[in-house]
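Here are the chains, one letter per residue:
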Amino acid sequence: MYKYDAIDRQLINERVAQFRDQVSRWKAGELTDDEFRPLRLQNGLYIQRHAPMFRIAVPYAMMNSAQLRTLGHVASKYDRGYGHFTTRHNLQLNWPKVEDVPEILAELAEVEMHAIQTSGNCLRNITTDQFAGVAADEVIDPRPLAEILRQWTTFHPEFAFLPRKFKIAISGTKDDRAVTWFHDIGLQLQEQNGETGFRVIVGGGLGRTPIRGQVVREFLPWQHILTYCEAILRVYNRQGRRDNAYKARIKILVQALGVEAFAQLVEDEWAHGKDGPATITQAEFDRVAAHFTAPAYETLSASDAGLAEKLATEKSFKNWVDRSTHPHKVPGYTAVTLSLKKHGIAPGDITSDQMGIVADLADQYSFGELRISHEQNIILADVKLADLYALWQKAKIAGLATPNTGLLTGIICCPGGDFCDLANAKSIPIANAIQARFDNLDYLFDIGEIDLNISGCMNACGHHHVGHIGVLGVDKNNDEFYQVTLGGRQGNDAKLGKVIGPSFAADEMPDVVDKIIKVYIETRHPDERFLDTFDRIGIDPFKNRVYEGRAHGKAKAAQKEAA
Amino acid sequence: MAQLIKHGTAAVDTWKTLEIAEGETPESVALPTGDVIFPFAVWQARKTEIISCHKRIGLLIQPDERVEDIAADLDYFIVIAVNFPKFVDGRGYSTASLLRQRYKYQGELRAVGDVLHDQLFYMQRVGFDSYALKDGKNVSVAIEAGFSPFSDAYQASTTQPQPHFLRRA
């Protein structure tokens, strides 16, 4: 993975000193709260419900074991011994002290980590596919260009105070796993006539106004990605709305202008910057790409006899392998997902002890590297098939081998009202209640592949719009309610879920999910996943079952009156 | 009164900015004498008149005013002031980049309005060379530390036209 050189180190060390100075000037009253707020946000520091929340970047999902150990250390020294992986390649600490953050940053800088631009109205962390570089379906490894983009976004002088936050995702696979259709800029690497380039998608996003992005350029040769992004950002910085924060994302500008007019503005702007000094040279690409060479893989057979025997005899091991491994491009290796979705735990949470264990597992089984996914799990990307059984046994003891990745209880979930100031409703207890209801593993496997995503408010950090079942916390007269959507999905055919109807109270949610699942179980064809059945029968059968016997509309009003 | 920083030192501001009072319009406002920074709309409405009676002319650009509209006039201006009504309104950074990089404006480029210590570094990089630091802020600390939190940068910008990757040995 990428190793810092002199300039990278120098800049993050200077960032630590800068933030230390900003905190002390704020403490001394030289910076007002309003003046300090955007500065601390651009260092990942929110002031939250109970305490500050601090968000550390994991650029394009890659980490080494030393970095994870440091995160574990920082979480126990300055916080309560755990952290939370988010849907955008970040680790959040929920209880640090503002005064400690410069020290935390200094310790992170030692292992080439930082919190630069992890929040605020600026260019955010670049995200990608958690299987980048190893996936069997990969066309082009996105990591060198993701790193080049990371450097370009870091302290860009023109785009530090945008109308609103700006998120870029990049993917290089046949199946999109980076949610590129729902980012401010989504970049899909592809090859055309022997040339490598990007399909450039702009104006997607979830949040309050969920919109699927639109293609502004079908093919952009890779050398031009920085100058082209500069053009997009300049158009947005100048023309994006600043009068209303809810209408300030680039998606609103693209909608207002229409994608053709927007694309024309970008092309006109790009005409000035095209082929300028920011055009990426082959030498620079090669320099960065040299950091992402393959580890020292052994020459192995594509199958392993020992593994086959264990799979045949131990059902619980087979269940875990079925749910937790992803095809690898090198024979004899596989990418393993360690689930952070153990039932009853906040999805995405990991303790300092677990971080230490995962770091050891990475050293022992995966060349000392790991990734995190937007599904809030950890991936060991280069595990030998022959090591799977030993890895499973160790992961199981550490509570990291729940075989529910891609299943109903492998829930994507934001921190919600337990922690977050923005939330309308709690999300973790809903996730845990659903996990408790579906605690039978055989049943979970029988239900099969399904994404259940929960957000505690319309900002959609839990990506509820693209869950096959989406749950959104809403506020109704100061009570917490939950709106359910069905049929959303990520991937190449990414789309938004449809709202099923009026929202539900928290204690109804396990029943509601249960009814939705029962409709699927009763009507599915043998080879259908939940989503296939949904696409065939539509939303009505689900709606009818969920609201069966519930008075609504006039009947509800009459009932109220009678009462 | 904002304190002007210029050439890395506190400077005396010899310019006054024409303000359009209520009831006045760009067409009707009286044009003062001396070194005056004219609002964009006044310049556009009264260009010939201003040129005929002023040797030294300044221009004030608001965030929503387009550089493109005055690009042909740049040779007239000794100073262009770019206003930041709030420091979190980042449009002025694009205005400055365009003036310097695309339209090759060579005169004084001044940041005015909500101009604070922690934005000076970015302002300098996009091409500002004078700064009307907000009233009440510590000028000597800003001069000493505000322009140099970082010793280098990855991107190309006005002050460093080559991105870092082209400057590697």
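A quick note: this is a predicted structure, and the numbers were derived from the prediction, not measured.

Conventions and cut-offs
- Residues numbered from 1 in each chain as written.
- Chains lettered and ligands numbered in written order.
- Predicted model: local features only at pLDDT ≥ 70, side-chain atom pairs only at ≥ 80, totals over all residues.
- Helix = DSSP H or I, 4+ residues; strand = E, 2+ residues; numbered from the N terminus.
- Rg over C-alpha atoms; globule rule 2.2 N^0.38 Å.
- Contact = placed C-beta atoms within 7 Å.
- Buried ≥ 20, exposed ≤ 12 C-beta atoms within 10 Å, placed from the backbone.
- Core = buried A, V, L, I, M, F, W, Y, C linked by C-beta atoms within 7 Å.
- Axes fitted to C-alpha atoms, helices over the stretch in contact; angles between N-to-C directions.
- Parallel < 35°, antiparallel > 145°, perpendicular 65-115°, else oblique.
- Left-handed = near helix turned anticlockwise from the far one by under 90°.
- Nonpolar A, V, L, I, M, F, W, Y, C, P; charged D, E, K, R; others polar.
- Pairing = 2+ DSSP bridges.
- pLDDT = per-residue confidence, 0-100.
- Expected span 1.5 Å × (residues − 1).
- Arc of directions from axis to C-beta.
- Right-handed = clockwise from strand over helix to strand, strands pointing away.

1. Re the overall build of chain A
Moving on, step 1. Across its full length, chain A holds 19 helices and 21 strands.
Moving on, step 2. Computed over C-alpha atoms, the radius of gyration of chain A comes to 24 Å, within 12% of the 24 Å expected from 2.2 N^0.38 for 563 residues, which places it in the range of a compact globule.
Moving on, step 3. The principal-axis extents of the C-alpha atoms in chain A amount to approximately 70 × 65 × 55 Å.
Moving on, step 4. Across chain A, contacts joining residues at least 24 apart in sequence account for 67% of those joining residues at least 6 apart.

2. A look at the overall build of chain B
Moving on, step 1. Helix and strand counts for chain B come out as 4 helices and 8 strands.
Moving on, step 2. When the helices and strands of chain B are placed in sequence order, the string is β-β-β-β-α-β-β-α-β-α-β-α.
Moving on, step 3. For chain B, the spread of C-alpha atoms along the three principal axes comes to 55 × 35 × 25 Å.
Moving on, step 4. Evaluated residue by residue, chain B yields a buried proportion of 38% over its 169 residues.
Moving on, step 5. In chain B, once contacts between residues fewer than 6 apart in sequence are set aside, the share between residues at least 24 apart is 45%.

3. Quick notes on the nonpolar core
Moving on, step 1. If you look at the biggest cluster of nonpolar residues, it comprises 201 residues, and the most contacted ones within it are Ile-170, Ile-232 and Val-358 of chain A together with Leu-59 of chain B.
Moving on, step 2. At 9 residues, the largest contribution of residues to this core is made by helix H6 (residues 225-239) of chain A.
Moving on, step 3. Setting aside its immediate chain neighbours within four residues, Leu-59 of chain B contacts Ile-37, Phe-38, Phe-40, Trp-43, Ile-70, Phe-77 and Ile-80 of chain B.

4. Some details on the packing of helix H16 (residues 509-523) of chain A against helix H18 (residues 540-547) of chain A
Residues and elements named next belong to chain A.
Moving on, step 1. At a closest axis distance of 9 Å, the pairing of H16 and H18 adopts a crossing angle of 135°. Here H16 is positioned oblique relative to H18, judged by the angle of their axes. As H16 packs across H18, the resulting crossing turns out to be right-handed. When H16 is examined against H18, the residues Val-512, Lys-515, Ile-516, Val-519 and Thr-523 are found in contact with a partner set consisting of Pro-541, Phe-542, Arg-545 and Val-546.
Moving on, step 2. Grouping the constituent residues of the contact of H16 with H18 by class yields 6 nonpolar, 1 polar and 2 charged.

5. A closer look at the interface of chain A and chain B
Moving on, step 1. At the interface, 29 residues of chain A touch 29 residues of chain B.
Moving on, step 2. Breaking the side of chain A that touches chain B down by element, the ones donating at least two residues are helix H1 (6-27), helix H2 (33-41), helix H5 (143-153) and H6 of chain A.
Moving on, step 3. Among the residues forming the side of chain A that touches chain B, the class breakdown is 12 nonpolar, 9 polar and 8 charged.

6. Let's talk about the sheet that holds strand E4 (residues 82-85) of chain A
Residue and element names in this part refer to chain A.
Moving on, step 1. Strand order in the open sheet formed by 5 strands is E1-E2-E5-E4-E13, and the pairing between neighbours is antiparallel. In this open sheet, the two edge strands, each paired with only one partner strand, are strand E1 (45-47) and strand E13 (349-351). Neighbour to neighbour, the strand axes of the sheet diverge by 30° on average, direction disregarded.
Moving on, step 2. Examined bridge by bridge, E4 and strand E5 (residues 90-93) share 2 bridges and lie antiparallel to one another. In the sheet register, His-84 faces E5, and the bridge partner there is Gln-92.

7. A few points about unusual backbone geometry
Residue and element names in this part refer to chain A.
Moving on, step 1. The phi torsion at Asp-275 lies on the positive side, around 65°, for a residue other than glycine.
Moving on, step 2. Its place among the elements puts Asp-275 in the loop between helix H8 (259-273) and helix H9 (282-289).
Moving on, step 3. If you check the backbone angles, Ala-460 has positive phi at about 65° while not being a glycine.
Moving on, step 4. On the secondary structure map, Ala-460 appears in the loop between strand E17 (452-455) and strand E18 (469-476).

8. A short note on the confidence of the model for chain B
Moving on, step 1. For chain B, per-residue confidence averages 96 on the pLDDT scale, and residues scoring 70 or more make up 100% of the total.
Moving on, step 2. The ipTM value of the predicted complex is 0.98, and its pTM value is 0.94.

9. Comments concerning H8 of chain A
Side chains three or four residues apart in an α-helix point the same way, a direct result of the helix having 3.6 residues per turn.
All names here are of chain A.
Moving on, step 1. Over its 15 residues, H8 runs 21 Å from end to end, which matches the ideal 21 Å to within 8%, given 1.5 Å per residue.
Moving on, step 2. Taken together, the buried positions of H8 are occupied by Phe-262, Ala-263, Leu-265, Val-266, Glu-269, Trp-270 and Gly-273. For H8, the arc enclosing every buried residue in end-on projection is 155°, short of the 170-degree limit, so these residues lie on one face. Residues of H8 that are exposed and angled more than 90 degrees away from the buried face: Glu-260, Ala-261, Asp-268 and Ala-271.
Moving on, step 3. Considering only its buried residues, H8 is in contact with strand E10 (214-221), H6 and helix H7 (250-257).

10. Considering the pairing of strand E5 (residues 57-61) of chain B
Residue and element names in this part refer to chain B.
Moving on, step 1. Of all 5 residues that make up E5, 5 are buried, and the element is covered over most of its length.
Moving on, step 2. Burial along E5 is two-sided: Ile-57, Leu-59 and Ile-61 facing one way and Gly-58 and Leu-60 facing the other are all buried.
Moving on, step 3. Bridge count between strand E4 (residues 36-39) and E5: 4 bridges; the pairing is parallel. Note on E5: the bridge partner recorded for Phe-38 is Leu-59.
Moving on, step 4. In the classification by handedness, the crossover that spans E4, the intervening helix H1 (residues 40-53) and the parallel E5 is right-handed.

11. Let's talk about the sheet that holds strand E7 (residues 108-113) of chain B
Residues and elements named next belong to chain B.
Moving on, step 1. On the basis of which strands lie adjacent, the open sheet formed by 8 strands has the order E2-E1-E8-E7-E6-E5-E4-E3 and mixed pairing. Unpaired on one side and paired on the other, strand E2 (9-11) and strand E3 (16-17) mark the two borders of the sheet.
Moving on, step 2. Sheet contacts for H1: E4 and E5; angle to E4, the most-contacted strand, approximately 120°.
Moving on, step 3. Helix-sheet contacts for helix H4 (residues 139-146) involve strand E1 (3-6), E2 and strand E8 (130-133), and the interaxial angle to E1 is about 25°.

12. Remarks on the environment of Pro-510 of chain A
All names here are of chain A.
Moving on, step 1. As for its placement among the helices and strands, Pro-510 is situated in helix H16.
Moving on, step 2. Taking the C-alpha atoms as reference points, Pro-510 and Tyr-297, separated by 213 residues in sequence, lie 45 Å from one another.
Moving on, step 3. Not counting residues within four places of it along the chain, the set of residues in contact with Pro-510 comprises Ala-433, Ile-434 and Arg-437.

13. As for the packing of helix H3 (residues 65-78) of chain A against helix H12 (residues 352-365) of chain A
Residue and element names in this part refer to chain A.
Moving on, step 1. Interaxial distance between H3 and H12 falls to 8 Å at its minimum, and their mutual angle equals 170°. Comparing the axis directions of H3 and H12 gives the class roughly antiparallel. Contact with H3, carried on its side by Ser-65, Leu-68, Arg-69, Leu-71, Gly-72, Ala-75 and Ser-76, involves Ser-352, Met-355, Gly-356, Val-358, Ala-359, Ala-362 and Asp-363 of H12 and no other residues of that element.
Moving on, step 2. Considering only residue class, the contact of H3 with H12 consists of 7 nonpolar, 5 polar and 2 charged.

14. A closer look at the environment of Tyr-122 of chain B
Moving on, step 1. Structurally, Tyr-122 of chain B can be placed in helix H3 (residues 120-126).
Moving on, step 2. In this structure, the C-alpha to C-alpha distance between Tyr-122 of chain B and Ser-148 of chain B, residues 26 residues apart in sequence, is 10.0 Å.
Moving on, step 3. Excluding residues within four positions of it along the chain, Tyr-122 of chain B makes contact with Pro-157 and Ala-160 of chain A together with Tyr-93 of chain B.

15. Examining the environment of Gly-406 of chain A
All names here are of chain A.
Moving on, step 1. With respect to the helices and strands, the residue Gly-406 is situated in the loop between helix H13 (388-397) and strand E16 (412-413).
Moving on, step 2. Look at Gly-406 and you get partly exposed, because 17 C-beta atoms sit within 10 Å.
Moving on, step 3. Spatially, the C-alpha atoms of Gly-406 and Leu-452 are 9.0 Å apart, while their sequence positions differ by 46 residues.
Moving on, step 4. With near-sequence residues (within four places) excluded, Gly-406 lies in contact with Arg-323 and Glu-449.

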